[in-house]
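# Structural characterization, general
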Amino acid sequence: MPELLPNYDNYVMLRHLCKSGSPKARKKAMSTADGYKPLAKIFHWLTALLVLLTIPAALTMLTPGIGRWLQDPLFMFHKNVGVVLLVLVAARLAYRLLNPPPPLPQSMPRFQRYIAETTHWLLYGLLLAMAISGFIRVTAGGFPLEVFDRFGIQNLVPRSDSLAETAKRIHAFLRFPLITLIVLHIGAALYHGFIKRDGIVNRMLP
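All values derive from a computational prediction rather than experimental measurement.

Once that is clear, we can look at the overall build of the protein chain. Scanning the protein chain from terminus to terminus reveals seven helices and zero strands. The secondary structure elements of the protein chain, listed N-terminal to C-terminal, are α-α-α-α-α-α-α. Within the protein chain, the fraction of its 206 residues that count as buried is 35%. The long-range share in the protein chain, meaning contacts at least 24 apart out of those at least 6 apart in sequence, stands at 67%. Of the roughly 12,700 Å² that the protein chain leaves accessible, carbon and sulfur atoms contribute 69%.

Right, dumping it as structure tokens:
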């Protein structure tokens, strides 16, 4: 097999070489041609894990009548993981800007490529907005952030009930579009992985 070419040229070559092969061989070829870099995969799966842990924690701690014995540790977990997510998403976004992801295959319809690209950027924006608004709500509301206390970091936001309430409302509102986009993103991955079987999902698999 000739030396692998970068980006889309590599993708076209491998698709041509493997189009008559098995689906497994075709997916492996596409993954080899246009796979994400290892650090990008780490960012993706670590972010996904933390987000999928914080969402049910938040929904549970807001359940009416929940006991403080459960609500308090869930709130502590949610607010501290939110800070980690803020740093993680910011680092991931900076890495993406410096290391552009592999292009989607031209065989995908243009509208699907546009939706995929738009969804990714909206997810970045909403994750950052959720993390920042949550951080402001906690610190402006006078609640401790144990992850900051552990490293001796001072409160970066002044105490303000009005600011905390505004951040709380923003944080509560943004959860709806965020959850919607996450569901769409997972649905698209399942569609490409189990129905289309076009190898796109393989690009992000470990």
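Anyway, onward from the coordinates.
Side chains of residues three or four places apart in an α-helix project in the same direction, reflecting 3.6 residues per turn. Between its first and last C-alpha atoms helix α7 (residues 161-196) spans 51 Å; for 36 residues at 1.5 Å apiece the expected length is 52 Å, and the two agree. The largest bend in α7 amounts to roughly 30 degrees and is located at Arg 175, with the proline Pro 177 lying one to four residues further along. Among the residues of α7, those classed as buried are Ala 164, Ala 167, His 171, Leu 174, Leu 178, Leu 181, Ile 182 and His 192. Buried residues along α7 sit against α3 (38-61), α4 (68-98) and α5 (110-140). A positive phi of about 50 degrees marks Arg 197, the residue just after α7.

What follows covers the packing of α4 against α5. α5 packs onto α4 with a crossing angle of 140 degrees between their chain directions and a minimal axis gap of 9 Å. If you check the angle between α4 and α5, you find them oblique. By crossing handedness, the relation of α4 to α5 is classed as left-handed. Across the interface between the two elements, Phe 75, Lys 79, Gly 82, Val 83, Leu 86, Val 89, Ala 90, Arg 92, Leu 93, Arg 96 and Leu 97 from α4 touch Glu 117, His 120, Trp 121, Tyr 124, Leu 127, Leu 128, Ala 131, Ile 132, Phe 135 and Val 138 from α5.

The subject of this paragraph is the pattern of salt bridges. Counted under the stated rule, the structure contains five salt bridges. The partner of Glu 146 in a salt bridge is Lys 79, with the nearest N and O atoms 3.6 Å apart. Here Glu 146, found in helix α6 (residues 146-150), pairs with Lys 79, found in helix α4; they are 67 residues apart in sequence, far enough to count as distant. In this structure, Arg 96 engages Glu 117 in a salt bridge whose closest nitrogen and oxygen atoms are separated by 3.7 Å. Within this pair, whereas Arg 96 is found in helix α4, its partner Glu 117 is found in helix α5, the two being separated by 21 residues in sequence. By relative accessible area, which is 10% here, Arg 96 ends up buried. For Glu 117, a relative accessible area of 36% gives the class partly exposed.

Along the polypeptide, Leu 70 turns up in helix α4. For Leu 70 and Thr 60, which are 10 residues apart along the polypeptide, the C-alpha to C-alpha distance reads 8.9 Å.

It is generally the case that most residues other than glycine have a negative phi and that most peptide bonds are trans. In this structure, Arg 197 is a non-glycine residue whose phi angle is positive, near 50 degrees. Note on placement: Arg 197 falls in the segment after α7. On the accessibility criterion, Arg 197 (46% relative accessible area) is partly exposed.

About the thresholds
Residues numbered from 1 in each chain as written. Predicted model: local features only at pLDDT ≥ 70, side-chain atom pairs only at ≥ 80, totals over all residues. Heavy atoms only, no water. Helix = DSSP H or I, 4+ residues; strand = E, 2+ residues; numbered from the N terminus. Buried < 20%, exposed > 50% of the residue type's maximum accessible area, 1.4 Å probe, protein only. Contact = heavy atoms within 4.5 Å. Areas by Shrake-Rupley, 256 points an atom, 1.4 Å probe, with all protein chains shown as cover. Expected span 1.5 Å × (residues − 1). Bend = angle between axes of the 7 residues up to and from the residue. Axes fitted to C-alpha atoms, helices over the stretch in contact; angles between N-to-C directions. Parallel < 35°, antiparallel > 145°, perpendicular 65-115°, else oblique. Left-handed = near helix turned anticlockwise from the far one by under 90°. Salt bridge = Lys/Arg side-chain N within 4 Å of Asp/Glu carboxyl O.

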